[in-house]
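# Descriptive structure summary
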Amino acid sequence: MNAGDTLALLPLLLIAGTAAVVMLAIAIRRSHALTAILTLAGLAATFASVLAIAPLVPRQVTPLLLIDRYALFYIGLITASSAAVAILSFQYLESHAAQREELYLLLLLATLGCAVLAASVHFVSFILGLEILSVSLYAMVAYFSDREHSLEAGIKYLILASVSAAFLLFGAALIYADTGTLAFSPVRELSLGGSRMAFVVTGIALTVTGIGFKLGVVPFHLWTPDVYEGSPSPVTAFVATASKTAVIALLVRYLSSGAMRSPPVFYVFSVMAIASMFAGNLLALRQTNVKRILAYSSIAHFGYILVAFLAGSAIAAAAVGFYLVAYTVTLLAAFGIVGVLSGPERDAGSLEQYRGLFWRRPVIAGIFTAALFSLAGIPATMGFLGKFYVLTSAAAASAWALMIVLVITSVAGLFYYLRIVVALYSAPPEHVGEHPGLARASALVLGALAILLILFGVYPAPLLDLIRSTLVLIG
Amino acid sequence: MTLIFLIGILLVGGILAAVSARWSPVLPRLISLAAIGVDLVLAVRIWAGRPSAAVSPWYDEVDWNWIPGFGVHIHLAVDGLSLLMVLLTFFLGIISVLTSWTEIQQKVGFFHFNLMWVLAGIASVFVAFDLFLFYFAWELMLVPMYFLIVIWGHERRVYAGMKFFLFTQCSGLLMLIAILALYLLHHQATGVYTFEYSELLGTSLASRVELLIMFGFFAAFAVKLPIVPLHTWLPDAHTEAPTAGSVILAGLLLKTGGYGLIRFVVPLFPRATHAFTPVALTLAVIGIVYGATMAFSQSDLKRLVAYTSVSHLGFVLLGIFSWNTLALQGAIMTMICHGLSTGALFVLVGGLQERIHTRDLDRMGGLWSAAPRMGAAALFFSLASLGLPGMGDFVGEFLVLLGAYRVSVVLTVVASLGILASTFYALRLMQRAFFGPNTSNWRLPDLTPREGLMVGAMIAGLLWLGLYPQPVLNTSAPAIVNLQREARIPVAELRR
């Protein structure tokens, strides 16, 4: 490994280094503000390094990691969302007496895992990244272990993640048995026929189990609502955005070009996409807890992303990228608001707590409305352009059945988003519990997210160009 | 450039109105009035200053790059058809601000914000010539309208708002798929990614594909217009919306459907339209008769007026799919006059509800003696609605029937029966509400000067359109000629 390699790895090294520094700082002196500042400084440095090394890539660093513009784009996105989560956590943790500082440590480690996934071109780095991410998330999900649903969520996540990791390992072993290498390239260049195709296809199917679990797509979605509900809101935001972004980034690299042309793989993903769109949107209809609604909606949204992924062209990879950015911004805003409205004992889940919010906290309700409309795909938000892009790529691939399912299910989806919107704008109840105030840092993040949501919803050209420029080598 | 200002003034005015409510509840009303007033003046100036000879099809045009990666432009343009619709939008915009002057007392700022933004959306729909922008505006006008219904509406507002939103959104997404399909097929044929209307015209499509894509567009416009099996959102939304919402829904939102059919469906898909014409004409006639019959049997005054819209817009559909000059002139005329007469009826019903707190026809009666000026106004607009000569609606419907006669005699005859039926519901409205004994002993103030002004302006408009419609016909004529040329089917081919 020479200096150039080290430079290329700078973002990963910086995250890891920040984690070490934060750990030492906690050991020396417990200070919530200091920990948060160190974390943010580390993440900011990481983000800066991403921008700085962009001209030097692509660079293959060891067989495990490929740092190219594609990886850097996703590392940047993950870092930014992780920073937003850190800021939103600050206010959230301030109102909780329990130990606060360790959450930042776990957050940094999880971010590291995500970043490794985004740059991974090899099963070893895939599994390492996934495990770093998962182990941090176990602790983060059950961080407030004295709350109801918290341990349930943690254990559910732990058991299911371990099982899916086992499937993943077995799948990797099968692929290795056939191809003799742990790199992704044979899978990417998979040619049909060959005597032992069955091994590779079975291997891919098993690895898809691991990936599908992290994405929470049907039939691996069972953990989603419970974990979303049981985790503290900032952690939910991280689970919903950064961890899924990383896995999608990996999935596109792993399967998009070669293996998807193999009919069994294609059909498996089609079924997963269709089932996710239906299950997510229909199951959300009967929920009354906002966090659970957003959980089911995320199942549906990853169904939409899979539609673009299935279309499998250059335009589709760009659509996936754009959709992920839109989804990340939207969900960070949504869960940020859930966090801001949460009291010390429990999160603001029930729809009742949102009744009449607009007349009491117009700005927060306005941002929440924008986020919900973005999820529903209404114009002037990023979500609309994301959906538009997904539909375009599906149409370009003549995937009419998938498009029709997308349209039908997203109309059903509209129904539950509008239910929340109606609650926000209906007359406030007689007795209103005091909502906690809004810290300046959280206000800043929420404001920035709202501006991005609208700005890129109305003028997406710069973001589109950026995403397209990262795809040169992906194909 | 004026077009950008037209939209921008509304958008900015909406924000100012929302903010200004902090200081005074009158301020948002004044700001809205001023903003829409300026827009109306600007639009009239375009109208007055339009060149008499056809230099370009557009009287005013803006074309900016928006999302180059997709070939999306901000292309706003206005021809005679668009201009008439825009004028109607601003006129009814002023009416809807005035009519909510005393009705809306809660959250005045946010109300006017939504009002202005829905008008901005509607105006953009009428002037957008990039299909992406068109869809953008099409969906965007939904959201403020939805808020107008669910926040300031009547008893079942949440149900009505949801139904309205789901119907329009579902059909809108079908249109989005159709737009995308057209966009990609055009790219396959020419190698150019564009949503530009004039370039997508004449894209060569296989006939089955053309029919499918046309259905996508048709679905969206059919829900808005509405065409009969897809109309069920309309009575609910119109009834539950606040008065200004009903005026905008009936006067403008429905017109976007008619406008879309004229501007997009027929010119983009002439052959598919041709094949589909018999079905569309039949649906139109069914709508005319069904709407009139349903209106006759309503006891809720607002619902009654809502169903008359179904009937009147049936004439619009009949005119559009007859696709000859007379019928198109009639369709456009009917759209404008229906906006005025039905808008006015909603204003009167709203004023009545504000006074007696009911819309139930059975509880009314004898109101003429209590409020003679209001009664006279209602009589005028009822007569306009039933198509009395001398008022605008008559001109529109007469032209439609004249044009449709050349396409199908049988359907025209049945459609004329619809006019007969409209006599029943209009007279029933008058008899039940205003004539007869005043059994409930209603005592109510007559029209206020503000209401008098609105009603007077609308009466003047309808009389002008009824007695001297030529300026309007002259304005739409060049646009119709262009559209017929773009559609590339000779009128003769449509006769059978």
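Basis of the calculations
- Residues numbered from 1 in each chain as written.
- Chains lettered and ligands numbered in written order.
- Predicted model: local features only at pLDDT ≥ 70, side-chain atom pairs only at ≥ 80, totals over all residues.
- Helix = DSSP H or I, 4+ residues; strand = E, 2+ residues; numbered from the N terminus.
- Rg over C-alpha atoms; globule rule 2.2 N^0.38 Å.
- Buried ≥ 20, exposed ≤ 12 C-beta atoms within 10 Å, placed from the backbone.
- Contact = placed C-beta atoms within 7 Å.
- Expected span 1.5 Å × (residues − 1).
- Bend = angle between axes of the 7 residues up to and from the residue.
- Core = buried A, V, L, I, M, F, W, Y, C linked by C-beta atoms within 7 Å.
- Nonpolar A, V, L, I, M, F, W, Y, C, P; charged D, E, K, R; others polar.
- Pairing = 2+ DSSP bridges.
- pLDDT = per-residue confidence, 0-100.
- Axes fitted to C-alpha atoms, helices over the stretch in contact; angles between N-to-C directions.
- Parallel < 35°, antiparallel > 145°, perpendicular 65-115°, else oblique.

## As for the overall build of chain A
Scanning chain A from N- to C-terminus turns up 20 helices and two strands. Over its C-alpha atoms chain A spans a radius of gyration of 21 Å, differing by no more than 12% from the 23 Å that the globule rule assigns to 475 residues. Dimensions of chain A, computed from C-alpha atoms along their principal axes, come out at roughly 70 × 55 × 40 Å. Expressed as a percentage of its 475 residues, the buried residues of chain A come to 60%.

## Describing the overall build of chain B
Broken down by element type, chain B carries 21 helices and two strands. For 496 residues, the compact-globule estimate of 2.2 N^0.38 gives 23 Å, and chain B sits close to it at 21 Å. Over its C-alpha atoms, taken along the principal directions, chain B stretches across nearly 70 × 55 × 45 Å. Counting all 496 residues of chain B, 61% fall into the buried class. A separation of at least 24 residues holds for 80% of the contacts in chain B among residues at least 6 apart in sequence.

## Describing the environment of V481 of chain B
Considering the arrangement of structural elements, one finds V481 of chain B in helix 20 (residues 470-487). Separated by 157 residues in the primary sequence, V481 of chain B and N324 of chain B place their C-alpha atoms 9.7 Å from one another.

## Details of unusual backbone geometry
Cis geometry is found at the peptide bond from V218 of chain A to P219 of chain A, where omega equals 5 degrees. Mapped onto the elements of the fold, P219 of chain A is located in the loop between helix 9 (197-215) and helix 10 (223-230). A cis amide bond links L225 of chain B to the next residue, P226 of chain B, at an omega of -10 degrees. Of note, P226 of chain B is situated in the loop between helix 9 (207-224) and helix 10 (233-240). Phi at T62 of chain A takes a positive value of approximately 55 degrees, unusual for a residue other than glycine. Here T62 of chain A is to be found in the loop between strand 1 (59-61) and strand 2 (65-67).

## Details of helix 9 of chain B
Residue and element names in this part refer to chain B. In a regular helix each residue adds 1.5 Å, so 18 residues correspond to 26 Å; helix 9 covers 26 Å between its end C-alpha atoms and thus fits that length. Of all bends in helix 9, the biggest is about 25 degrees, found at F218. Those residues of helix 9 that fall on the buried side of the exposure criterion are E210, I213, M214, G216, F217, F218, A219, A220, F221, A222, V223 and K224.

## Topic: the nonpolar core
The biggest cluster of nonpolar side chains holds 398 residues, and the ones touching the most others in it are A118, V307 and Y323 of chain A. Once residues within four sequence positions are removed from consideration, V307 of chain A is found in contact with A273, V390, A394, A399, L402 and L406 of chain A.

## Thoughts on the interface of chain A and chain B
Facing 22 residues of chain A, the contacting portion of chain B comprises 23 residues. Within the residue set of the side of chain A that touches chain B, elements represented by two or more residues are helix 17 (382-396), helix 18 (400-425) and helix 20 (461-469) of chain A. Looking at the side of chain A that touches chain B element by element, the count peaks at nine residues for helix 18 of chain A. Per-class residue counts for the side of chain A that touches chain B are 18 nonpolar, two polar and two charged.

## Some points on helix 1 (residues 2-20) of chain B
Note: α-helices contain 3.6 residues per turn, so residues at a spacing of three or four share the same orientation. Residues and elements named next belong to chain B. Over its 19 residues, helix 1 extends 26 Å from the first C-alpha to the last, a length consistent with the 27 Å expected when each residue adds 1.5 Å. Along helix 1, the positions that sit buried rather than exposed are L3, L6, I7, I9, L10, G13, G14, L16, A17, A18 and S20. Summarising the contacts, the buried residues of helix 1 are in contact with helix 2 (26-48), strand 1 (60-67), strand 2 (72-78) and helix 4 (108-127).

## Section: the pairing of strand 2 of chain B
Residue and element names in this part refer to chain B. Buried residues dominate strand 2, accounting for seven of its seven residues. With burial as the criterion, each face of strand 2 is covered, one bearing V72, I74, L76 and V78 and the other bearing H73, H75 and A77. Bridge count for strand 1 against strand 2 is seven bridges, and the pairing is antiparallel. Looking at strand 2, one finds that I67 is bridged to V72. Between strand 1 and strand 2, which pair antiparallel one after the other, the connecting turn spans four residues, and G71 there sits at a positive phi close to 70 degrees.

## A short note on the confidence of the model for chain B
All names here are of chain B. Mean pLDDT over chain B: 89, with 98% of residues reaching 70 or higher. Throughout residues 490-496 the model reports pLDDT below 50, and contacts reaching past four residues in sequence, or to other chains, amount to nine contacts. Both scores are given for the predicted complex: the pTM is 0.92, the ipTM 0.89.

## Here we look at the packing of helix 3 (residues 80-99) of chain B against helix 11 (residues 243-268) of chain B
Between two packed helices, the angle of one axis relative to the other and the distance separating the axes together describe the packing. Residues and elements named next belong to chain B. It is the contact of helix 3 with helix 11, at a shortest axis distance of 8 Å, that shows an interaxial angle of 170 degrees. Taken together, the axes of helix 3 and helix 11 lie roughly antiparallel to each other. Contact residues: helix 3 offers L81, M85, L88, T89, L92, I95, S96 and T99, while helix 11 offers T243, A244, V247, I248, G251, L252, K255, Y259 and I262. Here the residues of the contact of helix 3 with helix 11 sort into eleven nonpolar, five polar and one charged.

## Description of the environment of A177 of chain A
With respect to the element layout, A177 of chain A can be found in helix 7 (residues 150-179). Overall, A177 of chain A belongs to the exposed group, with 12 C-beta atoms counted inside 10 Å.

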